[in-house]
Amino acid sequence: MTATADEEAARFHELLKAFEGRPAAIAGRAKDPVNEPMIRHWCEAMGDTSPAYTGPDAIAPPTMLQAWTMGGLSGHSDRSCAYDQLLALLDGAGCTSVVATDCEQEYLRPLRPGDAVTFDAVIESVSARKTTKLGTGHFVTTRMDVRANGEPAGTHRFRILKYRPAATTAQPARPLPPKQPARRPRPVINRDNHGFWEGVRAHRLLIQRCSSCATLRFPWLPGCNACASPEWGTVEASGAGTVFSYVVMHHPPFPAFDPPYAVALVELAEGVRMIGNITGVPYDKVRIGMPVRLEFLRVDEDLELPVFRGSEG
Amino acid sequence: MNVGDTLAPLEIPVTRTLIVAGAIASRDYQDVHHDAELARAKGSPDIFMNILTTNGLVGRYITDRLGPYAVLRKVAIRLGAPNYPGDTMTLSGTVTALNGNTAEIRVTGANGIGHHVTGTVTVTLGAEEVPA
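The residue numbers shown here count from 1 along each chain, following its written sequence. For this description, chains carry letters from A and ligands carry numbers from 1, given in the order in which they are written. Side-chain atom pairs in this predicted model are given and counted only at pLDDT of 80 or more, local residue features only at pLDDT of at least 70, and totals for whole chains, interfaces and linings cover all residues. The side-chain numbers reported here are obtained from all heavy atoms of the structure, hydrogens and water having been left aside.

1. Thoughts on the domain arrangement of chain A
Here is step 1: Here chain A is partitioned into domain 1 (11-165), domain 2 (187-236) and domain 3 (239-313).
Here is step 2: Residue ranges assigned to the domains are those given by an automatic or database domain assignment. The straight-line distance from the C-alpha centre of domain 1 of chain A to that of domain 3 of chain A is 70 Å.

2. Regarding the sheet that holds strand 13 (residues 291-300) of chain A
Residues and elements named next belong to chain A.
Here is step 1: Paired strands are those between which DSSP finds at least two bridges. Only DSSP runs of H or I with at least four residues qualify as helices, and only runs of E with at least two residues qualify as strands; both kinds are numbered from the N terminus onward. Reading around the circumference, 10-11-12-14-13 is the order of the 5 strands in this closed barrel, with mixed pairing throughout. Neighbour-to-neighbour, the strand axes of the sheet open up by a mean angle of 50 degrees, direction not taken into account.
Here is step 2: Note: strand 13 against strand 14 (residues 303-310), 8 bridges, orientation antiparallel. Bridging from a neighbouring strand, Phe-296 pairs with Pro-306 of strand 14.
Here is step 3: Contact criterion: two residues are considered in contact whenever any of their non-hydrogen atoms come within 4.5 Å of each other. A fitted line through C-alpha atoms represents every axis, and for helices the fit uses only the stretch in contact; the resulting angles, taken between N-to-C directions, go from 0 to 180 degrees. Across the face of the sheet, helix 4 (residues 194-201) comes into contact with strand 13 and strand 14 while running at roughly 75 degrees to strand 14.

3. Comments concerning the environment of Cys-213 of chain A
All names here are of chain A.
Here is step 1: Along the chain, Cys-213 falls in the loop between strand 7 (206-210) and strand 8 (216-217).
Here is step 2: Think of it in three bands: residues with accessible area under 20% of the maximum for their type are buried, residues over 50% are exposed, and the middle band is partly exposed, with areas taken using a 1.4 Å probe on protein chains only. On the accessibility criterion, Cys-213 (33% relative accessible area) is partly exposed.
Here is step 3: Counting along the chain gives 206 residues from Cys-213 to Glu-7, while the straight-line C-alpha distance between them is 98 Å.
Here is step 4: Excluding residues that lie within four positions of it along the chain, Cys-213 makes contacts with Cys-224, Ala-226 and Cys-227.

4. What to know about unusual backbone geometry
All names here are of chain A.
Here is step 1: Between Phe-218 and the following residue, Pro-219, the backbone shows a cis peptide bond with an omega angle of 0 degrees.
Here is step 2: Position of Pro-219 among the secondary structure elements: in the loop between strand 8 and strand 9 (232-236).
Here is step 3: The residue after Pro-259, namely Pro-260, is reached through a cis peptide bond having omega -5 degrees.
Here is step 4: Mapped onto the secondary structure, Pro-260 falls in the loop between strand 10 (240-249) and strand 11 (261-268).
Here is step 5: In this structure, Asn-149 is a non-glycine residue whose phi angle is positive, near 50 degrees.
Here is step 6: Mapped onto the elements of the fold, Asn-149 is located in the loop between strand 5 (135-148) and strand 6 (151-165).

5. With respect to empty space enclosed by the protein
Here is step 1: The rule is simple: put a 1 Å grid over the protein atoms alone, call a set of points where a 1.4 Å probe fits but cannot get out a cavity, call an open set with protein on both sides within 12 Å along at least five of seven lines a pocket, and count a residue as lining if it has an atom within 4 Å of a point. Grid points are joined across faces, edges and corners, and a volume is the space filled by probe spheres set on the points. Inspection of the entire model under this criterion finds 1 cavity of 30 Å³ or more.
Here is step 2: Approximately 30 Å³ is the volume attributed to the largest cavity.
Here is step 3: In this structure, the largest cavity is lined by Lys-31, Asp-32, Met-38 and Trp-68 of chain A together with Arg-27 of chain B.

6. Structural notes on the interface of chain A and chain B
Here is step 1: On the chain B side, the residues contacting the 30 residues of chain A number 27 residues.
Here is step 2: When two parts are put together, the accessible area they lose, computed with a 1.4 Å probe and summed over both, is reported as buried area. Taken together, both faces of the contact between chain A and chain B bury some 2500 Å²; the carbon and sulfur share is 60%.
Here is step 3: Taken as a group, Met-46, Met-70 and Tyr-107 of chain A account for 21% of the area that chain A buries against chain B, more than any other trio of residues on that side.
Here is step 4: Just to be clear on terms, a salt bridge is a Lys or Arg side-chain nitrogen sitting within 4 Å of an Asp or Glu carboxyl oxygen. The interface formed by chain A and chain B contains 1 salt bridge.
Here is step 5: Measuring nitrogen to oxygen at the nearest pair gives 2.6 Å for the salt bridge that ties Asp-102 of chain A to Arg-78 of chain B.
Here is step 6: Polar contact is the term for a pair of N or O atoms within 3.5 Å; when the atoms are in protein, one must be able to donate a hydrogen and the other to accept it, and sequence-neighboring residues count only if both atoms are side-chain atoms. In this structure, the connection of chain A to chain B is made through 8 residue pairs in polar contact (both at pLDDT 80 or more).
Here is step 7: If you list the elements that add at least two residues to the side of chain A that touches chain B, you get helix 2 (36-46), strand 2 (97-107) and strand 6 of chain A.
Here is step 8: When grouped by side-chain class, the residues that make up the side of chain A that touches chain B number 15 nonpolar, 9 polar and 6 charged. Ten residues, namely Ala, Val, Leu, Ile, Met, Phe, Trp, Tyr, Cys and Pro, are considered nonpolar, four, namely Asp, Glu, Lys and Arg, are considered charged, and the remaining ones, Gly among them, are considered polar.

7. Observations concerning the layout of surface pockets
Residues and elements named next belong to chain A.
Here is step 1: Estimated volume of the second largest pocket: approximately 590 Å³.
Here is step 2: Together, 22 residues line the second largest pocket, and Trp-197, Ile-275, Gly-276, Leu-305 and Pro-306 are the ones closest to its centre.
Here is step 3: Elements that contribute at least two residues to the lining of the second largest pocket include exactly helix 4, strand 11, strand 12 (273-279) and strand 14.
Here is step 4: Looking at side-chain class alone, the lining of the second largest pocket contains 16 nonpolar, 3 polar and 3 charged residues.
Here is step 5: Two domains each put at least three residues into the lining of the second largest pocket: domain 2 (187-236) and domain 3 (239-313).

8. A look at the pairing of strand 13 of chain A
Residue and element names in this part refer to chain A.
Here is step 1: Relative to strand 13, strand 10 runs antiparallel, the two sharing 3 bridges. Bridging across to strand 13, Gly-241 finds its partner in Val-292.
Here is step 2: Counting the residues in the hairpin turn of strand 13 and strand 14 gives 2 residues.

9. Some words on the sheet that holds strand 7 of chain A
Here is step 1: The sheet built from 3 strands is open, its strands ordered 8-7-9 (chain A) with antiparallel pairing. At either end of the open sheet lies a strand with only one pairing partner, and these are strand 8 and strand 9 of chain A.

10. Things to note about the pattern of salt bridges
Residues and elements named next belong to chain A.
Here is step 1: Tallying each qualifying case throughout the model produces 23 salt bridges over all chains.
Here is step 2: In this structure, Arg-204 and Glu-236 form a salt bridge, with 3.0 Å as the shortest nitrogen-oxygen distance. One end of the pair, Arg-204, is in the loop between helix 4 and strand 7; the other, Glu-236, is in strand 9, with 32 residues separating them in the sequence.
Here is step 3: Overall, Glu-236 belongs to the partly exposed group, its relative accessible area being 41%.
Here is step 4: Within this structure, Glu-104, Glu-124, Arg-143, Asp-145 and Arg-157 form a network of salt bridges that share partners.

11. Observations concerning helix 2 of chain A
Here is step 1: Regarding helix 2 of chain A, the residues found buried are Met-38, Ile-39, Trp-42, Cys-43, Ala-45 and Met-46 of chain A. Mapping the buried residues of helix 2 of chain A onto a view down its axis gives an arc of 160 degrees, with all of them on the same face. When the buried face of helix 2 of chain A is taken as reference, the exposed residues oriented beyond 90 degrees from it are Glu-36 and Glu-44 of chain A.
Here is step 2: Looking at the buried side of helix 2 of chain A, the elements it contacts are helix 1 (16-25) and helix 3 (51-66) of chain B.
Here is step 3: Its side-chain oxygen at 2.9 Å from the backbone nitrogen of Met-38 of chain A, Asn-35 of chain A defines the N-terminal cap of helix 2 of chain A. Throughout, the arc means the angular range of directions from the helix axis out to the C-beta atoms.

The structure is reproduced here in structure tokens:
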């Protein structure tokens with residue numbers, strides 16, 4: 001049936017060719033006169049530092065020619081019916097995508113701030129059906145005559161490809177990964193505290209001790225708050241402690257936590273205090289002064305945390 | 001300047017910012033030049049540079065290399081491989097014709113996936129560039 005398909009294509013091309021020579025824009029008028037701010041924004045975007053585009057004798061960069069004629073967000077009010085009909089015809093044939101392929105500009109006189117830009121455009125040619133890497137469609141070429149204060153300033157020939165996108169290999173929607181139970185946040189481990197977390201891995205709760213004045217400190221810090229010495233060693237906590245203070249978390253909820261739960265400030269037998277969860281006791285039975293004992297809770301395959309088991313009564 | 005001379009290349013890092021800034025400075029609000037999600041919905045892997053920005057960069061390349069007294073007369077470009085964010089486009093130029101003080105320069109802008117732009121620029125040379 002190739003002949004029929006070719007005949008169909010030829011007939012469609014005849015329809016399209018009927019638009020050649022018809023106007024694409026009639027008595028178009030730039031939304032703004034040529035102006036310094038738009039010139040400066042253009043030069044900033046392009047990284048163009050030519051002195052020709054600044055100062056009292058500034059001209060607009062010639063390559064801005066088309067920019068002055070753009071409809072912007074508010075669109076074109078001067079596009080011709082013929083051009084819209086041509087694009088609609090192509091849309092109807094499945095050529096819904098558009099890409100600009102060629103731009104040929106000739107500059108007849110420089111544009112200067114204050115110039116009023118007007119333009120007319122004509123549909124110069126519509127190609128036969130072409131197959132490109134992007135898809136199959138038709139090239140539409142327009143030629144625009146641009147005037148400044150009524151004098152010819154330049155011509156702008158522009159070619160677009162209106163095409164039917166090449167069939168993209170239908171990709172099945174990517175299956176969502178199986179829902180993982182939420183994981184607790186990871187501790188931030190850095191050079192100042194990594195010794196602490198090494199201790200946790202070995203099920204040892206390590207407290208820093210200043211090598212100069214023997215003051216214990218927790219959490220881990222690079223220097224001593226009492227004497228400022230940066231030298232330190234560690235002592236291992238016995239694991240005994242008491243609840244110094246606590247809160248019960250109800251809200252807000254965090255993934256991986258199951259409210260309500262108690263978070264305590266535990267005073268270790270050695271004298272320093274640390275924050276941890278209380279286990280073994282309902283959240284509403286935690287009390288200040290309650291004796292607790294250190295244990296290590298495996299939260300998930302990568303993380304163990306020191307927590308404190310309370311004993312009621 | 002002689003026919004066959006080459007211009008020093010110019011490397012343009014194709015950043016997302018350049019693509020968006022160029023599109024907006026040229027008043028081109030087509031979504032494929034600023035909205036990656038909509039660009040992907042239209043089959044493009046990402047946003048890509050619009051032709052007006054390419055045109056502006058080609059013009060800049062010529063006047064950067066030939067000096068502020070060089071005057072652009074014609075710029076004719078054809079686009080090929082799109083300029084996507086993260087790529088680098090290297091512009092290079094060769095003098096293909098010289099007629100009095102008017103030169104014709106063949107320009108190519110190559111990126112990581114091919115020739116983004118090929119074109120011809122006709123330029124009137126400034127006083128210092130006019131051949132003796």
